[in-house]
Amino acid sequence: MSLVARHLEENGMPTVVLGSARDIVEECGVARFVFTDFPLGNPCGKPWDTKMQHSIVGTALDLLARAWMPRTTVQTPFRWGNEEWRVAFMRVDDSNREALARAGEERRHQQAEAKKGDGYRQGKS
Amino acid sequence: MNQRRPYRSFVSYIDRSREYYAAQGYSQPYTWAHHDDAPFTPLKKPLSECRVGLVTTAGKMEAEAEGQGRRKIRELYALAANPAPRRMFTADLFWDKGATHTDDVDSFLPLNRLSEYAAARRIGSVSARFYGVPTDYSQGRTSLRDAPQILEWCREDGVDALLLSAL
């Protein structure tokens, strides 16, 4: 998504990226970025919280109008509440290391079979 | 609340995903896009006169994709923004399925919120279409194929500025 934003900016289209993966967007380098420190999935506000969504979209519009240089990141003030997702997401520890290794083997096997079969395109998810 | 921590608070998905896929036996880590510079285009007219568009990484809702939990082909698309779709296909995307859900489309594709800003005259209008771009392992496909098509659609629709929401 950040690469699309960069192409648009290079061709005269002002953009603002809304997201929760701060490092990925900032490493790529975009003109304007509204960062909400939430688990991945709801970068424009919590589900069904229209007031929060309104605020985050408003911040993005403000940034469109007011940023004067690239790599301007604004962090919204919202907190998810329960912070367990920070350690739980893609966790690797002794409790799941073997299961992950097995899952990787299984996935490679399935991909090899799919290639033989109808040829699903494998995009990075 | 004032706190002190010996670590950064936000999650590094570059670090986290590298360790996660390494644990699955993928020895070659994904190399993320990095640029030293970043392009910048200022808004050319007041926001209240701008037509604003939205770009999402979510997919169109299709019965076949829903049944299989994945899309056969992740395609670029432009769809009518009004009425806003009530559901989008996100099952095959990289988001935190343990902590949240994507049942409320406005939490990642805020077409209704944007329409409210148009009604309040904060922006001129919402683009008649919104645009879908697949997340792609190939950065070349994103830059050389997808991004130019999004730009072309935006020009057809008279878009002055874009919000890009990355799931």
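Residues numbered from 1 in each chain as written. Chains lettered and ligands numbered in written order. Predicted model: local features only at pLDDT ≥ 70, side-chain atom pairs only at ≥ 80, totals over all residues.

### Re the interface of chain A and chain B
Counting residues at the interface gives 66 residues for chain A, matched by 74 residues for chain B. Residue assignment for the side of chain A that touches chain B shows that the elements contributing at least two residues are α1 (2-10), β1 (15-19), α2 (22-28), α3 (50-66), α4 (85-88) and α5 (97-116) of chain A. By residue class, the composition of the side of chain A that touches chain B is 37 nonpolar, 15 polar and 14 charged. (Contact = placed C-beta atoms within 7 Å. Helix = DSSP H or I, 4+ residues; strand = E, 2+ residues; numbered from the N terminus. Nonpolar A, V, L, I, M, F, W, Y, C, P; charged D, E, K, R; others polar.)

### Here we look at the nonpolar core
Core analysis: the largest hydrophobic core is formed by 64 residues, its most contacted members being Val4(A), Val17(A), Ala60(A), Ile150(B), Leu162(B) and Leu164(B). The leading source of residues in this core is α3(A), at seven residues. (Core = buried A, V, L, I, M, F, W, Y, C linked by C-beta atoms within 7 Å. Buried ≥ 20, exposed ≤ 12 C-beta atoms within 10 Å, placed from the backbone.)

### Re the confidence of the model for chain B
When pLDDT is low, close inspection of the predicted coordinates is not appropriate. Mean pLDDT over chain B works out to 91, with 93% of the residues at or above the 70 mark. Quick note on the complex model: pTM equals 0.91, ipTM equals 0.93. (pLDDT = per-residue confidence, 0-100.)

### Some words on unusual backbone geometry
What is expected of a backbone is that most residues other than glycine have negative phi and most peptide bonds are trans. The omega torsion of the bond from Asn82(B) to Pro83(B) falls at 5°, within 30 degrees of zero and hence cis. By the element assignment, Pro83(B) lies in the loop between β2 (77-80) and α3 (111-119). Phi at Arg71(A) is positive, roughly 65°, even though this residue is not glycine. Residue Arg71(A) is classed as partly exposed on the basis of its C-beta count, with 16 C-beta atoms lying within 10 Å. We note that Met90(A) has phi near 55°; this positive angle belongs to a residue other than glycine. Assignment of secondary structure puts Met90(A) in the loop between α4 and α5. Accessibility expressed as a C-beta count within 10 Å gives 19 for Met90(A), which makes it partly exposed.

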